[in-house]
Amino acid sequence: EVQLVESGGGLVQPGGSLRLSCSASGFTFSRFGMHWVRQVPGKGLVWVSRIKNDGTVTDYTDSVKGRFTVSRDNAKNTLYLHMRNLSAEDTAVYYCSREAVVVGAHDYWGQGTPVTVSS
Amino acid sequence: QSALTQPASVSGSPGQSITISCTGTSSDIGAYNFVSWYQHHPGKAPKLIIYEVSSRPTKISNRFSGSKSGNTASLTISGLQAEDEADYYCSSYTGTTTLYVFGTGTTVTVL
């Protein structure tokens, strides 16, 4: 059974940093691209970042470029999102998702980890 | 890249059919057949229910169907059931550095 479990969320002050983790199991992690998607409370989903299966290619939405870094450790079956210079606008539930074999879909998701940026 | 536009809410009685629209632009929905739909029960993991406009993952009920015309995609839920109460999001591949754009979300209520 495919499982994605996020962790690392919490309360952080504006300007602070946080590292999110996504532990994967039930599939060969190194074969799949992975994504981070976030949801501001009461709002819709927003795509944040993607990393290719071997970690060689990364993409980001414009609002996090230069502040967020996605990485992965295929030996540990873990995806990361390093977030720095956080602002209130980054407050959201952060989900990791697996890139489906078919183009343009995320076929498995975690339950999310909440991040609150507040003083 | 602006969010795709969905109605905030749609409701129907058990057994009825409902359709959720998802309007984008010629740069996303209109440009690619890479539209997907997700069902999200709050507090749980979102679930893929439609990919590539109209294809269903193996374990997804055939009560869910998708289509596209121009810059607008649609999700139809037939034979509405209580368990279908959830939030639904469309998404499209964009081909830009912002790889994906999601919809604003639609809350489905079963009356």
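Residues numbered from 1 in each chain as written. Chains lettered and ligands numbered in written order. Predicted model: local features only at pLDDT ≥ 70, side-chain atom pairs only at ≥ 80, totals over all residues. Heavy atoms only, no water.

1. Thoughts on the packing of aromatic side chains
- One pass over the structure, following the stated rule, counts 12 aromatic pairs over all chains.
- With a centroid separation of 6.2 Å and an interplanar angle of 75 degrees, the aromatic rings of Tyr95(A) and Trp109(A) are classed as edge-to-face. Of this pair, Tyr95(A) sits in strand β9 (residues 92–99) while Trp109(A) sits in strand β10 (residues 106–109), and the two are 14 residues apart along the sequence. The same class applies to Tyr95(A) as to Trp109(A), namely buried.
- Arranged with centres 6.4 Å apart and planes meeting at 35 degrees, the rings of Phe64(B) and Tyr88(B) form a pair that is tilted. Of the two residues, Phe64(B) sits in strand β5 (residues 64–69) while Tyr88(B) sits in strand β7 (residues 86–93), which places them 24 residues apart along the sequence. Each member of the pair Phe64(B) and Tyr88(B) is classed as buried. (Phe/Tyr/Trp six-rings, centres within 6.5 Å; stacked < 30°, edge-to-face > 60°. Helix = DSSP H or I, 4+ residues; strand = E, 2+ residues; numbered from the N terminus. Buried < 20%, exposed > 50% of the residue type's maximum accessible area, 1.4 Å probe, protein only.)

2. Considering the environment of Gly70(B)
Residues and elements named next belong to chain B.
- When you line up the elements, Gly-70 lands in the loop between β5 and β6 (72–77).
- Residue Gly-70 is classed as partly exposed on the basis of its relative accessible area, which comes to 47%.
- In this structure the C-alpha to C-alpha distance between Gly-70 and Thr-25, which are 45 residues apart in sequence, comes to 8.5 Å.
- Sequence-distant contacts of Gly-70, that is, excluding residues within four places in its chain, are made with Ile-29 and Gly-30. (Contact = heavy atoms within 4.5 Å.)

3. Focus: the interface of chain A and chain B
- Every contact between the two is made by 25 residues of chain A and, on the other side, 20 residues of chain B.
- The largest contributions to the chain A side of the interface with chain B come from Leu45(A), Trp47(A) and Trp109(A), which together make up 29% of the buried area.
- At the level of secondary structure, the elements contributing two or more residues to the side of chain A that touches chain B comprise β4 (34–39), β5 (45–51), β6 (58–60), β9 and β10 of chain A.
- For the side of chain A that touches chain B, the class distribution of residues is 10 nonpolar, 8 polar and 7 charged. (Buried area = accessible area lost by both parts, 1.4 Å probe. Nonpolar A, V, L, I, M, F, W, Y, C, P; charged D, E, K, R; others polar.)

4. Points about the sheet that holds strand β1 (residues 3–7) of chain A
Residue and element names in this part refer to chain A.
- Strand order in the open sheet made by the 4 strands is β1-β3-β8-β7, with antiparallel pairing throughout. Edge positions in the sheet fall to β1 and β7 (68–73), since each has one partner strand and no second. Within this sheet the neighbouring strands show an average axis-to-axis angle of 15 degrees, counted without direction.
- Sheet topology places strand β3 (residues 18–25) next to strand β8 (residues 78–83); 6 bridges connect them, and they run antiparallel. What sits directly across from Leu-18, in β8, is Met-83. (Pairing = 2+ DSSP bridges. Axes fitted to C-alpha atoms, helices over the stretch in contact; angles between N-to-C directions.)

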